[in-house]
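The residues making up each chain are set out below.
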Amino acid sequence: MSEPTHITGQPTDVVPEVDYEALQPGQTIGRYEIVSVLGQGGFGITYRARDVQLGREVAIKEYLPSALAIRQDGTTVLPRSTKMADDFGWGRDRFVTEGRTLASLHRATAIVHVFDYLEANGTAYIVMELLSGETLEDRIAKNGKLSAEAVDRILWPLLDGLEQVHNAGFLHRDIKPANILLDAPGNPTLIDFGASRAAMAGRSTALTAIFTPGYAAAEQMTSAKQGPWTDIYGLSATLYHAIAGKRPPGAFDRMLSDTYEPLSQMKLTGFPPGVLAGVDAGLAVVASDRPQSIAGWRPILAMAEAPAADSTVAIGAPPSLPPPQVRHVSTLPTPEAPGTSGRTSRTGLWLALAAVLLVLLGGGGYYYAMRGPDPETVKARQAAEEAEARRLKAEEESAKLRAENEQRQKDEAERQKAAEIAAARERQQAAEAAAKKQFEEETRRKLEAEMAAQKKAEEEAKRKADEEAEARRKAVEDARKAVEFVSGAFDHFGKTLMVIGIKGRPDEVRLQGVDVVNDPDLHAVAAQALAAQPRDLHCRQTDRLTDGTPLYRCLITQLNAKQPLNDIPDTDRVDLALQLVKNGLVLASCDAPRSYADAEDDARGRKQALWGRVTVQEYKRRCTR
């Protein structure tokens, strides 16, 4: 999940729920004072803060991957376990490297400015400018397709900024409309770099790979090498969405069945042919078919008009010619009419174009010339009309050679495409198998909910089916990389007060921070207290037992809560496990937070419930290491 980096028009006082605590307003990180939380996700938290030395507001991104780390004592960030410490430290180094690189690009056009980066509280922070505006995604959703002028205002500054980023040896990896912030006149700023998140997802099994379908290149879903061509695909997909009003089909789907509709074949008015052709080129599925750098992409995007059908490109301009104007280079043939050519012909076209551009960018001059008679033919025609026949024959042979060359390029492209698809087919089969298993799991849960109302005679058959399904569910859960979240109305306790049930959920949830207590009398007291009025729970997985069983922190509505209960914010709920400890119904686990232990000491001092049954010796022996 991507963390928001800047203000984008949403209320800044709305804080999404999380399974760890953010730094509080007034706390400091170096010379920066926290003002509020701007947003948060699985990789960290972004704060609105104030630079007390310079007197300006900034945005600060904190490295806090929730799958690997927790906050302790309201400030310090620690790995969840010694096993996760290496991944946590490795990711923190990548995060600092990202901050250092972006800080060196403080003059880059259309790139969010990074002021500072620092390490504190056991983790790392990136300090950047605080921006306002709306995202390109919001602009398209509100106003529809962008005009040619609006696209031009976005395209060229982003090219300049991205080229500087790439020259620094860095990639964005997550270019999409949601990560381009627009000010009122429509000037863009690229935010929320995903390089360190992508690097961590490739290393740690606790984190999920991040890419956005439709905007991610095929190599981002595989182990293939990524480079500037990867960001070119993301920016091309973003421009396609802005121009066509819809995002292009996903790269992985296109490898199997390409339904991509080129912009050059749409009836679009006002857009330079170079922009349309350049976006089509940047969206080639095979990475080697795309422009390999921003510098190699510019001449295509900058074409002011489509070349005539009988024109060609000549390499090595005479010295007397003036320097060419890059924004008016013409290197492509007129776009073909819809239906006259498939993706294979486009691929061959871009390969030929790339070869020409590499020669041009290598230092050779170029000029655009209309095809005329061969010089020798001109001389022959001046001598006698018989030379005309030789000229026509030479042209026919030249056309034949060009056709053969194009066919060879087409065949080579087809072979490359076949090799890519063959390699991807095996991965697709594995993905389909995983999707099928997930679909079966979701179907099973729906059937269980319906079977709950059936007659008692069917319960035994249902129990056996649940046991078999439970084994499959556990296998799926063990493979999950994301933290699970469940919610619903309280239903029952299980065998102990540590195990609770949620209505409509087939399995039971284990509470964190408490030990097993199997006392029927206490069990009845707790059940009656919860059943006195309908209650609603929000539970998030926080850890696992050594046998792999997940533990949950559950927040429950208070007795005086108003309906609807599921709309009660977490700030108005109470920690279920902590309340059970306070009322002397369960023992706090030996590694529970200090608040649990304090509540237990208080309940023990009042000999409340459980502490009327447990001796001091038993209590002391319980946590002896």
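Residues numbered from 1 in each chain as written. Predicted model: local features only at pLDDT ≥ 70, side-chain atom pairs only at ≥ 80, totals over all residues. Heavy atoms only, no water.

Moving on: the overall build of the protein chain. The secondary structure content of the protein chain amounts to 16 helices and 19 strands. The buried share among the 625 residues of the protein chain stands at 43%. Relative to all contacts within the protein chain whose residues are 6 or more apart in sequence, the contacts with residues 24 or more apart total 62%. Total accessible area computed for the protein chain in this model is approximately 32,300 Å², and 53% of it derives from carbon and sulfur atoms. (Helix = DSSP H or I, 4+ residues; strand = E, 2+ residues; numbered from the N terminus. Buried < 20%, exposed > 50% of the residue type's maximum accessible area, 1.4 Å probe, protein only. Contact = heavy atoms within 4.5 Å. Areas by Shrake-Rupley, 256 points an atom, 1.4 Å probe, with all protein chains shown as cover.)

Evaluation of the coordinates by the stated rule reveals 7 aromatic pairs. On the basis of an interplanar angle of 35° and a centroid distance of 5.6 Å, the ring pair of Tyr63 and Phe95 is categorised as tilted. Residue Tyr63 is located in strand 4 (residues 56-63), and its partner Phe95 is located in helix 1 (residues 82-103); the two are separated by 32 residues in the primary sequence. Tyr63 sits in the buried class, given a relative accessible area of 0%. Through a chain of ring-to-ring contacts, three or more aromatic side chains come together here, namely Phe43, Tyr63, Phe88 and Phe95. For Arg604, the ring lying beneath its charged end belongs to Trp611, and the centroid distance is 5.8 Å. (Phe/Tyr/Trp six-rings, centres within 6.5 Å; stacked < 30°, edge-to-face > 60°. Lys NZ or Arg CZ within 6 Å of the ring centre and 35° of its normal.)

Right, let's talk about the side chain of Glu134 for a bit. Along the chain, Glu134 turns up in strand 9 (residues 134-135). We classify Glu134 as buried; its relative accessible area is 17%. A polar contact is formed between the side chain of Glu134 and the side chain of Arg139, at a distance of 2.3 Å. A distance of 3.3 Å separates the side chain of Glu134 from the side chain of Lys142, its partner in a polar contact. (Polar contact = N/O pair within 3.5 Å; in protein donor to acceptor, adjacent residues only side chain to side chain.)

Another aspect to go through is the UniProt feature "binding site: ATP" (unreviewed entry) in the protein chain. Residues annotated by UniProt as "binding site: ATP" (unreviewed entry) correspond here to Lys61. Tracing the sequence through the fold places Lys61 in strand 4. By relative accessible area, Lys61 is classed as buried at 4%. (UniProt positions renumbered as here; feature names shortened; annotations may be inferred.)

Let us look at the pattern of salt bridges. Close approach of charged atoms allows side chains of opposite charge to pair. Counting across every chain of the model gives 26 salt bridges. Between Glu467 and Arg463 there is a salt bridge, and its shortest N-O distance comes to 2.5 Å. Note that Glu467 and Arg463 are positioned in helix 12 (residues 459-479) at a spacing of 4 residues, about one turn of the helix. On the basis of relative accessibility, which here comes to 38%, the residue Arg463 falls in the partly exposed class. One network of salt bridges, with partners in common, ties together Glu441, Arg444, Arg445 and Glu448. (Salt bridge = Lys/Arg side-chain N within 4 Å of Asp/Glu carboxyl O.)

Strands sit in the order 1-2-3-4-8-7 across an open sheet of 6 strands; the sheet is antiparallel. The sheet is open, and its two borders are formed by strand 1 (28-29) and strand 7 (114-120), each paired with just one other strand. As defined by bridge partners, strand 7 adjoins strand 8 (residues 123-129) across 6 bridges and the pair is classed as antiparallel. Residue pairing in the sheet places Asp116 in a bridge with Val127 of strand 8. (Pairing = 2+ DSSP bridges.)

Counting residues in each nonpolar core, the largest one holds 89 residues, and the members touching the most others are Ile60, Leu159, Leu235, Tyr240, Leu263 and Trp297. Not counting residues up to four positions away in its chain, the partners in contact with Leu263 are Tyr240, Ile243, Ala244, Leu268, Leu276, Val279 and Asp280. Ile500, Ile502, Leu522 and Leu537 belong to the second largest nonpolar core, which has 36 residues in total. (Core = buried A, V, L, I, M, F, W, Y, C linked by side-chain atoms within 4.5 Å.)

This part takes up the packing of helix 5 (residues 228-244) against helix 7 (residues 273-282). Each pair of packed helices can be described by the angle between their axes along with the distance between the axes. In contact at an axis separation of 8 Å, helix 5 and helix 7 are set at 130° when each is read in the N-to-C sense. As judged from the angle between their axes, helix 5 and helix 7 are oblique. As for the relative orientation of helix 5 and helix 7, their crossing is left-handed in sense. Between helix 5 and helix 7, the residues in contact are Ile232, Tyr233, Ser236, Leu239, Tyr240 and Ile243 and Val275, Leu276, Gly278, Val279 and Gly282, respectively. (Axes fitted to C-alpha atoms, helices over the stretch in contact; angles between N-to-C directions. Parallel < 35°, antiparallel > 145°, perpendicular 65-115°, else oblique. Left-handed = near helix turned anticlockwise from the far one by under 90°.)

The strand order across the open sheet built from 3 strands is 9-10-11, with neighbouring strands paired in antiparallel fashion. Two strands close off the open sheet at either side, each with one partner strand: strand 9 and strand 11 (188-190). Relative to strand 11, helix 3 (residues 148-167) is tilted by about 35°, and along the sheet it contacts strand 10 (180-182) and strand 11.

Most of helix 8 (residues 294-301) is tucked away, with 7 of its 8 residues classed as buried. Listed as buried for helix 8 are Ile294, Gly296, Trp297, Arg298, Pro299, Ile300 and Leu301.

Turning next to unusual backbone geometry. In this structure, Pro564 follows Gln563 across a cis peptide bond, with omega equal to -5°. Considering the arrangement of structural elements, one finds Pro564 in the loop between strand 18 (550-557) and strand 19 (573-575).

Further remarks concern the packing of helix 3 against helix 5. The geometry of helix 3 relative to helix 5 is characterised by a closest axis approach of 12 Å and an angle of 170° between their N-to-C directions. In terms of axis orientation, helix 3 runs roughly antiparallel to helix 5. Two secondary-structure elements touch here, helix 3 through Val151, Leu155, Leu158, Leu159, Leu162 and His166 and helix 5 through Pro228, Asp231, Leu235, Leu239 and Ile243.

Our next topic: the side chain of Asp231. With respect to the secondary-structure elements, Asp231 resides in helix 5. No salt bridge is formed by the buried Asp231; its nearest oppositely charged neighbour, Arg173, is found at 7.0 Å. Here His166 takes part through its side chain, which lies 2.9 Å from a polar atom of the side chain of Asp231. Once residues within four sequence positions are removed from consideration, Asp231 is found in contact with Leu162, His166, Leu171, His172, Arg173 and Ile175. (Lys, Arg positive; Asp, Glu negative; His and termini not counted.)

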